[in-house]
2 protein chains.
Amino acid sequence: MSILLSGCWPAAEQQQWLRLLQEALPGEQWWLAPPSDASEAAQVELAIVANPEAGVLQGLPNLRLIQSLWAGVDRLMQDPTLPPEVPLARMVDPAMNEAMVHTALWAVLALHRGFFEVQTQQHQGLWRQPQQLRAGEWRVLVLGLGELGGRVAQGLATQGYAVSGWSRRPADLIDVQTLHGEAGLVQGLDAADSVINLLPLTEQTRDFFNAARFAAMKRGASLVNLARGAHVVEEDLLAALDSGQLSRAVLDVFRQEPLPSSNPFWRHPRVTVLPHCAAQTDARSAAAVVRANVLALRAGQPLAHLVQRQQGY
Amino acid sequence: MSILLSGCWPAAEQQQWLRLLQEALPGEQWWLAPPSDASEAAQVELAIVANPEAGVLQGLPNLRLIQSLWAGVDRLMQDPTLPPEVPLARMVDPAMNEAMVHTALWAVLALHRGFFEVQTQQHQGLWRQPQQLRAGEWRVLVLGLGELGGRVAQGLATQGYAVSGWSRRPADLIDVQTLHGEAGLVQGLDAADSVINLLPLTEQTRDFFNAARFAAMKRGASLVNLARGAHVVEEDLLAALDSGQLSRAVLDVFRQEPLPSSNPFWRHPRVTVLPHCAAQTDARSAAAVVRANVLALRAGQPLAHLVQRQQGY
């Protein structure tokens, strides 16, 4: 099989991916850019991509699968030349799932137990014990109950937190209060001490966290954004933090990345800036995931983790 | 029954404890200081204590149980007037156990995922993604496998960490590599990326973390001290941090508390200072624990969580 591997990444990262993918799929022909020769381009059946440059995937007439190495495909789908009929699979990597659950758990533990404030107080030389609530007295709302959101909700419930989960359509999860629709959203935002965003980015969810949504939250609640920067209206978040409506934000993603040095989040005393490190695809386990989908493609079996193009995720 | 409640605490805290204990044990006679009248002192059968002043428990000839409200009894046992024949029970509080597991988990997640460094980098305006290792690639050594250490070790194993546990005597825990004795200690310290201290404080464990122990640790490892300040030789820890032998310390306890403002830990860039807040007894659940022991005392049944005086814990 002739395979195109294309992404926006440093050369060393590309080299590591190529090595691991070649080990997982030995004996294939690999391209790091679309072949200029039309007959060679016609042989490319698989594109493995990591937010490639727009236009890279056109001119491959016999492409049978576009396999993303990243979980989020919102940027990929903004490419108007993306072949509309070719199945598109996103990455579901067990190591990335573990990392996301751990980042969410770290953030919620720190919010619930007051460890962010304790660290600020250390800089001020202040010895002040925070109030110790039980986990069951701390309600967390997880927005988005897909692969990542569902796992995060369950992981928090296992630690004893009072967990609610909201999704567009009804869902069912053990030990999690599931909510849906606009009424469920209002109910969930009103009750949560911490809100974790793991929604997909679509036209419906862009600017989801705006002034009205912050106003619907419980006073003094905190926001953990682990999804996409474009979910949050940054000015509205700053206003909600400065008015005390929100007590803290833990942000892994931003409208512009790397976060520009002029952005006030860097220096805000109640904002924790993570450099988009909540959960990265682990090339070692992801190569095995790609291999499994390639074997399914060859065997004519169902492909895993296909994106519903009209839904956007 | 006549009960003495005595501790070193603020008046509001004493009042809260008294209220909850009176609810749990209605109809008893309560004393907040030893009765000066000998016949009244002779009626006191139970002392509920929270590090009381030395000498408070002498002169109570018919005392049948000393119930500590705190898990650690090292300070209590330094009182030479402590009646030697009276059973002494320490507190094992489910809410405190949960809090300790959560604090340990928060610290290990932050160490493993580089979140402490990320927070330092935020202050420097630096966008730099830490390396993302899997939990199974991060070895944690828990020292002390008692009520708290055992739970912490299992909680970390549940999150996928490679966990070793060391105790004086052989122990057995699911999904935890258990070690004991001096050879086990050397093996454990040599392999661990993070070491969590949950040892009891005894004459054998005082100054446990000294220059020799730090030298036996893996270069670049981190220390999380959740037990007692006197376990750590502070100068040796600072030297190990400054030489790079240790990469970071998360300290909840100190030789002197509150930590004096002159102590260099406050300002050390690789030390996280917690104000002895890793796990506090929760008065609500602890009152029920006290009640259960009082009912056992009355019924002549075995008392729970008795301290082995000669071992010191």
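None of these values were measured; they are calculated from a predicted model.

Novice: Please explain helix H4 (residues 115-123) of chain A as it appears in this structure.
Specialist: Given 3.6 residues per turn, any residue in an α-helix points the same way as the ones three and four places further on. Those residues of H4 of chain A lying buried are Phe115, Phe116, Val118, Gln119, Gln121 and Gln122 of chain A. Here the buried face of H4 of chain A lies against helix H3 (94-113), strand E11 (246-251) and strand E12 (271-273) of chain A together with helix H3 (94-113), helix H4 (115-124) and strand E12 (271-273) of chain B. Immediately downstream of H4 of chain A, the backbone of Gly125 of chain A shows phi near 70°, a positive value.

Novice: Is there a simple way to think about helix H1 (residues 11-24) of chain B in this case?
Specialist: All names here are of chain B. Over its 14 residues, H1 extends 20 Å from the first C-alpha to the last, a length consistent with the 20 Å expected when each residue adds 1.5 Å. What H1 keeps buried is the set Trp17, Leu18, Leu20, Leu21 and Ala24. At its buried positions, H1 is contacted by strand E1 (2-7), strand E2 (29-31), strand E3 (44-50) and helix H9 (283-299).

Novice: Explain the pattern of salt bridges to me, please; I cannot follow it from the model alone.
Specialist: Should their charged atoms come close, side chains of opposite charge can pair. All told, the structure shown has 26 salt bridges over all chains when counted by the stated rule. The closest approach of N and O atoms between Arg19 of chain A and Glu23 of chain A, which form a salt bridge, is 3.2 Å. Of this pair, Arg19 of chain A and Glu23 of chain A both sit in helix H1 (residues 11-24), separated by 4 residues, roughly a single helical turn. What makes Glu23 of chain A exposed here is its relative accessible area of 53%. As a salt-bridge pair, Glu45 of chain B and Arg64 of chain B come within 3.0 Å of each other at their nearest N and O atoms. Here Arg64 of chain B lies in the loop between E3 and strand E4 (65-68) and Glu45 of chain B lies in strand E3, a separation of 19 residues in the sequence.

Novice: Sorry if this is basic, but what is going on with the sheet that holds strand E9 (residues 194-197) of chain B here?
Specialist: All names here are of chain B. Read from one edge of the open sheet, 7 strands run E8-E7-E6-E9-E10-E11-E12, paired in parallel fashion. For this open sheet the edge positions go to strand E8 (177-180) and E12, each flanked by a neighbour on one side alone. Within this sheet the neighbouring strands show an average axis-to-axis angle of 15°, counted without direction.

Novice: Looking at this model, I keep getting lost on the packing of aromatic side chains. Mind explaining?
Specialist: How two aromatic rings sit relative to each other is given by the distance of their centres and the angle of their planes. Considering all chains together, one arrives at 20 aromatic pairs over all chains under this definition. Taking 6.1 Å as the distance between ring centres and 45° as the angle between the ring planes, the aromatic pair formed by Trp166 of chain B and Phe208 of chain B counts as tilted. Here the residue Trp166 of chain B occupies a position in strand E7 (residues 162-167), and Phe208 of chain B occupies one in the loop between E9 and helix H7 (211-216), the gap between them amounting to 42 residues. With a relative accessible area of 9%, Trp166 of chain B lands in the buried category. Ring pairing ties together the aromatic residues Trp166, Phe208, Phe209 and Phe214 of chain A, which thus form one cluster.

Novice: Teacher, can you tell me more about the interface of chain A and chain B here?
Specialist: By convention, interface size is frequently given as the accessible area that disappears when the constituent parts associate. Opposite the 50 residues of chain A that make contact, chain B presents 50 residues. Applying the counting criterion to the chain A and chain B interface returns 4 salt bridges. In this structure, the salt-bridge partner of Glu137 of chain B is Arg284 of chain A, at a minimum N-O distance of 2.6 Å. Viewed at the interface, chain B and chain A are joined by 29 residue pairs in polar contact (both at pLDDT 80 or more). Looking at which element gives the most residues to the side of chain A that touches chain B, the answer is H3 of chain A, with 11 residues.

Novice: Explanation requested: the confidence of the model for chain A in the structure shown.
Specialist: Predicted coordinates in regions of low pLDDT should not be interpreted in detail. Confidence along chain A averages 97 in pLDDT terms, with 100% of residues attaining 70 or more. This complex was scored by the predictor with a pTM of 0.95 and an ipTM of 0.95.

Novice: What exactly am I supposed to notice about the relation of the copies chain A and chain B here?
Specialist: Superposing the two chain copies requires a rotation about an axis and a translation along that axis. Rotating chain A by 180° and moving it 0.0 Å along the rotation axis overlays it on chain B with an RMSD of 0.0 Å. Both copies of the chain, as the preceding transformation shows, are related through a two-fold rotation axis. In terms of C-alpha distance to the rotation axis, chain A has Trp106 of chain A as its closest residue, with the C-alpha 2.7 Å off the axis. In this assembly the copies share their binding face: 100% of the residues contributing to the interface of chain A also contribute to that of chain B.

Analysis parameters
- Residues numbered from 1 in each chain as written.
- Chains lettered and ligands numbered in written order.
- Predicted model: local features only at pLDDT ≥ 70, side-chain atom pairs only at ≥ 80, totals over all residues.
- Heavy atoms only, no water.
- Buried < 20%, exposed > 50% of the residue type's maximum accessible area, 1.4 Å probe, protein only.
- Helix = DSSP H or I, 4+ residues; strand = E, 2+ residues; numbered from the N terminus.
- Contact = heavy atoms within 4.5 Å.
- Expected span 1.5 Å × (residues − 1).
- Salt bridge = Lys/Arg side-chain N within 4 Å of Asp/Glu carboxyl O.
- Pairing = 2+ DSSP bridges.
- Axes fitted to C-alpha atoms, helices over the stretch in contact; angles between N-to-C directions.
- Phe/Tyr/Trp six-rings, centres within 6.5 Å; stacked < 30°, edge-to-face > 60°.
- Polar contact = N/O pair within 3.5 Å; in protein donor to acceptor, adjacent residues only side chain to side chain.
- pLDDT = per-residue confidence, 0-100.
- Least-squares fit on C-alpha atoms with pLDDT ≥ 70 in both.

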